Amino acid sequence: MSDNTRAFAATWSAPVPESERLDIAAFYEHVWRRRPMVWRGCGADFLSPPLDWERVAEVERLPVRELGAAEARLSPDRTVLFVNQAQHAVPELDAACLALAEEFGWEECTADLSVTREQGAGIGCHFDHSDNFVVQQQGSKSWRVGLPSDTAPRRQRARMLEAKGFVPSGTLPPEVPQVRLEPGDVLYLPLFAPHEGVESASEEGSISVSFSCNARSALGSWMGPLMRRLSLEPEWWGPVPLDGPDPGRLSAALHRAFEDVLGQAGSRDGGDRAPVPTARPDTSPPPPAPTAD
Ligand SMILES: [Fe+2]
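This is a predicted model, so every value here is computed, not measured.

Engineer: Can you lay out the overall build of the protein for me, pointing to particular residues and giving the numbers?
Structural biologist: Counting secondary structure elements, the protein contains eight helices and eleven strands. Contacts in the protein between residues at least 24 apart in sequence constitute 81% of all its contacts with a sequence separation of at least 6. Total accessible area computed for the protein in this model is approximately 15800 Å², and 54% of it derives from carbon and sulfur atoms.

What follows is the structure, encoded as structure tokens:
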């Protein structure tokens, strides 16, 4: 075991690391896509004021036509309300998403609203193709959180490619850390890390908001533009000679198109927003974890 791996193992055998101050640069350097993290009392850095029960009741009364692109799902026993893409229906969440995207250097931020009204209620164990920041608004919620490496690469791939019919259920290791969030606390859930949150106490119910930075693959981002650019290259749009294509000319045209597409992406990303080099995918060795599914 390398020193680097040993350091991760030591970190993960302890409870989920906590802090009382959000330091974005340090977060990207040490935490991003590696392991969960809790910030106690930092909820106002994400959303202020917090959503209260009155505001949630207003959202629940919204007619479907006013939900826009948001999608509300109520469990059959009415104990769990989950509003996917809630920023489309709740203006204060939309404003928070814009501010967070700017602050963290993301292309886009979305928000899901989760409301439970029974102890133990939740949406079940799963993993996402996004990095999530769960901000507890009212009541309390207990979380069990794994690591990205707890989700097998083939399942990560299926999620990123949005394979038809794939269900992103999660598998947690037996000794998984647990953490309880109180109002104002924030929990970071890394991309692909399985997680499950349930309401801690039934008297009050729980309201939480999950802000997400959705992961994009190179295939999803560049394949379409690359195909369109290649359609301008005679070697690619023209009829292939009977004696076969010229691999050298095809390859040269492919490289030209590739450079063009990446160049345009670079100039688009380099607009008003400062680059966030630390937001690149973490390539250091992942912490060890039991093999999952
Ligand atoms: Fe999730």
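Engineer: Go over the pairing of strand S7 (residues 141-145) with me, naming the residues and quoting the values.
Structural biologist: Here S7 shows one buried face, formed by Lys-141, Trp-143 and Val-145, and one open face, formed by Ser-142 and Arg-144. Judged from the four bridges that link them, S7 and strand S8 (residues 178-181) form a sheet pairing that is antiparallel. Paired with Trp-143 across the strands is Val-179, a residue of S8. Two elements, S7 and strand S10 (residues 195-199), share five bridges in a ladder whose sense is antiparallel. Paired with Ser-142 across the bridge in S10 is Val-198.

Engineer: I'd like a description of the coordination of the iron ion, backed by residues and values.
Structural biologist: For the iron ion, every protein donor is listed as His-126 (NE2), Asp-128 (OD) and His-195 (NE2), and the spread of their distances is 2.1 to 2.2 Å. Look at where the donors of the iron ion fall in the sequence and you get H-x1-D-x66-H. Placement of Asp-128 in the loop between strand S5 (110-116) and strand S6 (130-138) and of His-195 in strand S10 is noted, with a sequence separation of 67 residues between them.

Engineer: Account for the sheet that holds S5, naming residues and giving values.
Structural biologist: The strand order S1-S2-S9-S6-S11-S5-S4-S3 describes an open sheet built from eight strands, whose pairing is mixed. The sheet terminates laterally at strand S1 (18-19) and strand S3 (71-74), the two strands that pair on one side only. Running over the sheet, helix H3 (residues 53-61) touches strand S4 (80-84), S5, S6 and strand S11 (206-214) and is turned about 105° from S5. Across the face of the sheet, helix H4 (residues 91-104) comes into contact with S5, S6 and S11 while running at roughly 45° to S11.

The rules we used
Residues numbered from 1 in each chain as written. Predicted model: local features only at pLDDT ≥ 70, side-chain atom pairs only at ≥ 80, totals over all residues. Heavy atoms only, no water. Helix = DSSP H or I, 4+ residues; strand = E, 2+ residues; numbered from the N terminus. Contact = heavy atoms within 4.5 Å. Areas by Shrake-Rupley, 256 points an atom, 1.4 Å probe, with all protein chains shown as cover. Buried < 20%, exposed > 50% of the residue type's maximum accessible area, 1.4 Å probe, protein only. Pairing = 2+ DSSP bridges. Donors = N, O, S within 2.8 Å, 3.2 Å for Na, K, Ca; no water. Axes fitted to C-alpha atoms, helices over the stretch in contact; angles between N-to-C directions.

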